[in-house]
Amino acid sequence: MNAIEIEGLTINYDQTSVLWDLSFSLPHGIICGIAGPNGAGKSTLLKAAVGLVKPQSGRIALLGQPLRKMRQRIAYIPQRESIDWDFPITASDVVLMGRYHQFGFWGRPRPADRAAAACALEQLGMSAFADRQISQLSGGQQQRLFIARALVQEPDLFLMDEPFRGVDLATEKSIIELLRRLKNEGKTILIVFHDLHMAQSYFDYLLLLNRRLIACGPIEATLNSQNISRAFGKSQSLFEEATALSAKTRLGMK
Amino acid sequence: MFEYFTDPVLRAPTWGCMLMCLAASLMGVLSFLNKRSLLGEGISHAAYPGVVAGMAVCAIDAADEGSLFFALVGALLFSIIGLWVIDRLEKKGKVHSDAALCFMLASFFGIGTLGASFLQGARPLMAQRVQIYLYGQAATMTDIHIVIYAALSALIVMFLVISYRPMQALCFDRVYAQSLMIVPRYLTIATFVLMLLSIVIGIRSVGVVLMSGMFVAPAVAARQWTDRLSTLLWIAAIIGVASGLLGNILSVEASQKLRIYFPHERLSLPTGPMIVLTGSAIAFLSLLFAPRRGAIPRLVRILSFRVRTVEENILKSVWKSKEISLKDCRACNHLWPPSLIFLLWRMQRQGWMTQAYRRYALTPDGDRKAARIVRLHRLWEVYLADLGWPEESVHRTAEEMEHILTPELEERLAGQLHDPKLDPHAQPIPEHDVVC
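Residues numbered from 1 in each chain as written. Chains lettered and ligands numbered in written order. Predicted model: local features only at pLDDT ≥ 70, side-chain atom pairs only at ≥ 80, totals over all residues. Heavy atoms only, no water.

A. Here's a closer look at the overall build of chain B. Helix and strand counts for chain B come out as 19 helices and three strands. Taking 22 Å as the expected radius of gyration for a compact globule of 436 residues, we find that chain B reaches 32 Å, considerably beyond that expectation. Across its three principal axes, chain B shows a C-alpha extent of roughly 95 × 60 × 35 Å. Taken over 436 residues, chain B has a buried fraction of 46%. Across chain B, every contact between residues at least 6 apart in sequence was considered, and the portion connecting residues at least 24 apart equals 72%. When the accessible surface of chain B is totalled, it reaches about 22,400 Å², and 67% of it is carbon and sulfur. Seen as two clouds, the 41 positive and the 34 negative side-chain charges of chain B have centres 4 Å apart. (Helix = DSSP H or I, 4+ residues; strand = E, 2+ residues; numbered from the N terminus. Rg over C-alpha atoms; globule rule 2.2 N^0.38 Å. Buried < 20%, exposed > 50% of the residue type's maximum accessible area, 1.4 Å probe, protein only. Contact = heavy atoms within 4.5 Å. Areas by Shrake-Rupley, 256 points an atom, 1.4 Å probe, with all protein chains shown as cover. Lys, Arg positive; Asp, Glu negative; His and termini not counted. Charge placed at Lys NZ, Arg CZ, Asp CG, Glu CD.)

Laid out in structure tokens, this is it:
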């Protein structure tokens, strides 16, 4: 059984295609990096995998089950730009969010939830900051906080959107170490990333994306200059111009 | 004082305003956290043509009673249409949300004003009623208003208690909350309905034009005092209720005073503006004085840091030459002489310095303090040189960092550099002193 299986996935935003006919599958217990140029649809792919974006067509199966049954077994870690850091919320409350689907009718965290949150913070060395408002944490601490929130969810699949942005090297290393531990427990981790240099040492699998699938497979087989130039190269630009023009025309803006 | 709560004439405005403000301030917090504080302004203005339409319906019937009901239903209806228009403009028309809101607000208010002037010609009595909603009139409220407002406030408080956690998750990180579970539709709908109700009902006492003030001010004020959502809601509620009460009392008392001093002028202070002004005053004071985020405490902290920097620089210059005259001290610290003299005097009082025969020297305590500053300075220079900064440029940033580095950072710095003895300019680095 594969961790994630996608067939013929196509996603449009306002008439513009973001992802074209994507099909791939990834096995259990791996760390897979997702790379591609800006606007390649990396974040959209993650959002589709947690059901935040509705695909035009295609099928997504997680651990052999359709998505709607699996929501809570997937932990989504959003891009840091999407977070309102000035929001009046403490670190421990952020972590508790990972359990809120389990709260009862009155929506109160149970003692077990609080214990799990404390434990997750401890695991990431954040116990001392539990009562801090989130803007008073450093960039690395903020990122670790959101990983702690994912941990209390006890998921099988982690989807991380650029977790290494704004993070120092030491934190990056410690995050990767944690992810490897999770991988050894049989979890699957998908990471959108930017810096191709880190790919070789951090990931087992690589998914190259540029609106359509360029390559997907074990890193040794996929990380080569041919694939990279296909994903990042100039040959794509004509295609992009044409699709943008098509969208504008259909929306009546041109 | 108690007559405001019990007197048959006075109690309705008092309780009515307090409860109305409670409802508005709680819902205001939600829209404030969603960064859509202006929505209140839009909704209240959109409600105006609804009030006019409701009154017109009453006028056809020539019925007097039930005008409150018709006005509220009309207001509710039009504010829903207004929200729908904004939504369409944003999503389909690709109009920026501020622009969409302004467009809707102005056109709806225009329609309302037009309708009101028609009504003025046809049914002057009804037009007067419409005026009440435009500017608000708390004094004519009756016990029925208390009942309505109390029910609404109870509903809102109940809603917040039950949906506190999901609401927090949704406001803070909607995308994540949605990824975790399908957000129940009732939550979104309930939020909107309660927001609409709190505004539509509130315009009876504060008026269309000022309503959004009561929506925004308590949230803005409360945010200054806390970093927790639950506390934020509590403080906003208290500020809301307090401004409702105070505004009401101020308006009644001041109007009485005005009548005594100027018996012929018919001066009065209306309740609506007094409530909004009270709320705004609380918000303004909070922006100024709140301990962590307030402007004045921050200014004080900035100034005290500047003073500390200067003092530490003086200590350093004395430490380097063991003993210093006022003139030398002036040469190495470019300061306005009176403030230099004041600082030197203060540092003597604080036990860092002594003075004899017009020459300044450090006490043992001052010596330790100065040595630590020099140590931080030189450690930072070593650190930067280690990072590959050119030797001549490390001094400038060290001048800044020596005042910033905490003992914890100092320890880490020393550990990382293996406790160096000399700085890049071959000057000795003072030992770490445990006593200090």
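B. Inspection of the sheet that holds strand S2 (residues 16-26) of chain A at higher detail. Residues and elements named next belong to chain A. One open sheet holds the four strands; their spatial order is S2-S1-S4-S5, and the pairing between them is antiparallel. Either end of the sheet is taken by a strand with one partner, and the two such strands are S2 and strand S5 (65-66). Examined bridge by bridge, strand S1 (residues 4-13) and strand S4 (residues 57-62) share five bridges and lie antiparallel to one another. Of the residues in S4, the one forming a bridge with Ile6 is Ile60. Most of the contacts of helix H1 (residues 42-49) go to S1, to which it runs at about 115 degrees, and overall it touches S1, S2 and S4. (Pairing = 2+ DSSP bridges. Axes fitted to C-alpha atoms, helices over the stretch in contact; angles between N-to-C directions.)

C. Here's a closer look at the side chain of B:His377. Residues and elements named next belong to chain B. When you line up the elements, His377 lands in helix H17 (residues 364-386). Separated by 3.2 Å, the side chains of His377 and His395 make a polar contact. Once residues within four sequence positions are removed from consideration, His377 is found in contact with Lys316, His395, Ala398, Glu399 and Glu402. (Polar contact = N/O pair within 3.5 Å; in protein donor to acceptor, adjacent residues only side chain to side chain.)

D. Quick peek at the packing of helix H2 (residues 11-33) of chain B against helix H12 (residues 229-261) of chain B. Residues and elements named next belong to chain B. Between H2 and H12, whose axes approach to 8 Å, the crossing angle comes to 145 degrees. For the element pair H2 and H12, the recorded crossing hand is right-handed. Across the interface between the two elements, Pro13, Thr14, Cys17, Met18, Cys21, Leu22, Ser25, Leu26, Val29 and Leu33 of H2 pack against Leu229, Leu232, Leu233, Ala236, Ala237, Gly240, Val241, Gly244, Leu245 and Asn248 of H12. Looking at side-chain class alone, the contact of H2 with H12 contains 15 nonpolar, five polar and no charged residues. (Left-handed = near helix turned anticlockwise from the far one by under 90°. Nonpolar A, V, L, I, M, F, W, Y, C, P; charged D, E, K, R; others polar.)

E. Structural detail: the domain arrangement of chain B. Segmentation of chain B into domains returns domain 1 (3-293), domain 2 (298-362) and domain 3 (367-434). Between the C-alpha centres of domain 1 of chain B and domain 3 of chain B the distance comes to 58 Å. (Domains from an automatic or database assignment.)

F. Representation of the pairing of strand S7 (residues 157-161) of chain A in the model. Residues and elements named next belong to chain A. Counting buried residues along S7, five of its five residues qualify, which places the element largely inside the surrounding structure. Alternating residues of S7 divide into Leu157, Leu159 and Asp161 and Phe158 and Met160, and every residue in both groups is buried. Inspection of the sheet shows strand S6 (residues 74-77) paired to S7 by four bridges, in the parallel sense. By the bridge assignment for S7, Ile74 is matched with Leu157. Assessed by its sense of winding, the connection that carries the chain from S7 through helix H6 (residues 169-184) to strand S8 (residues 188-192) is right-handed. (Right-handed = clockwise from strand over helix to strand, strands pointing away.)

G. Representation of the interface of chain B and chain A. Counting from both sides, the interface comprises 28 residues of chain B and, opposite them, 35 residues of chain A. Each partner contributes to the roughly 3,000 Å² buried at the junction of chain B and chain A, and carbon and sulfur atoms together form 60% of this total. When residues of chain B are sorted by the area they lose upon contact with chain A, B:Arg165, B:Phe172 and B:Tyr176 head the list and together hold 27% of the total. The tally of links from chain B across to chain A stands at six salt bridges. Across the pair B:Arg228 and A:Asp131 runs a salt bridge, and its minimum N-O distance is 3.3 Å. Where chain B touches chain A, the interface holds twelve residue pairs in polar contact (both at pLDDT 80 or more). Elements with a contribution of two residues or more to the side of chain B that touches chain A: helix H7 (143-162), helix H8 (164-172), helix H9 (174-180) and H12 of chain B. (Buried area = accessible area lost by both parts, 1.4 Å probe. Salt bridge = Lys/Arg side-chain N within 4 Å of Asp/Glu carboxyl O.)

H. Structural view of the packing of aromatic side chains. Going through the model one piece at a time under the given rule, you end up with twelve aromatic pairs over all chains. An angle of 75 degrees between the planes, with centres 5.8 Å apart, marks the rings of B:Phe69 and B:Phe70 as edge-to-face. Note on B:Phe342 and B:Trp345: the rings are 5.9 Å apart at their centroids and 35 degrees apart in plane angle, and the pair reads as tilted. Of this pair, B:Phe342 and B:Trp345 both sit in helix H16 (residues 337-349), three residues apart, which is roughly one turn of the helix. Accessibility expressed as a relative area gives 45% for B:Trp345, which makes it partly exposed. Taken together, the ring pairs in this structure connect A:Trp85, A:Phe87, A:Phe146 and B:Phe172 into an aromatic cluster. (Phe/Tyr/Trp six-rings, centres within 6.5 Å; stacked < 30°, edge-to-face > 60°.)

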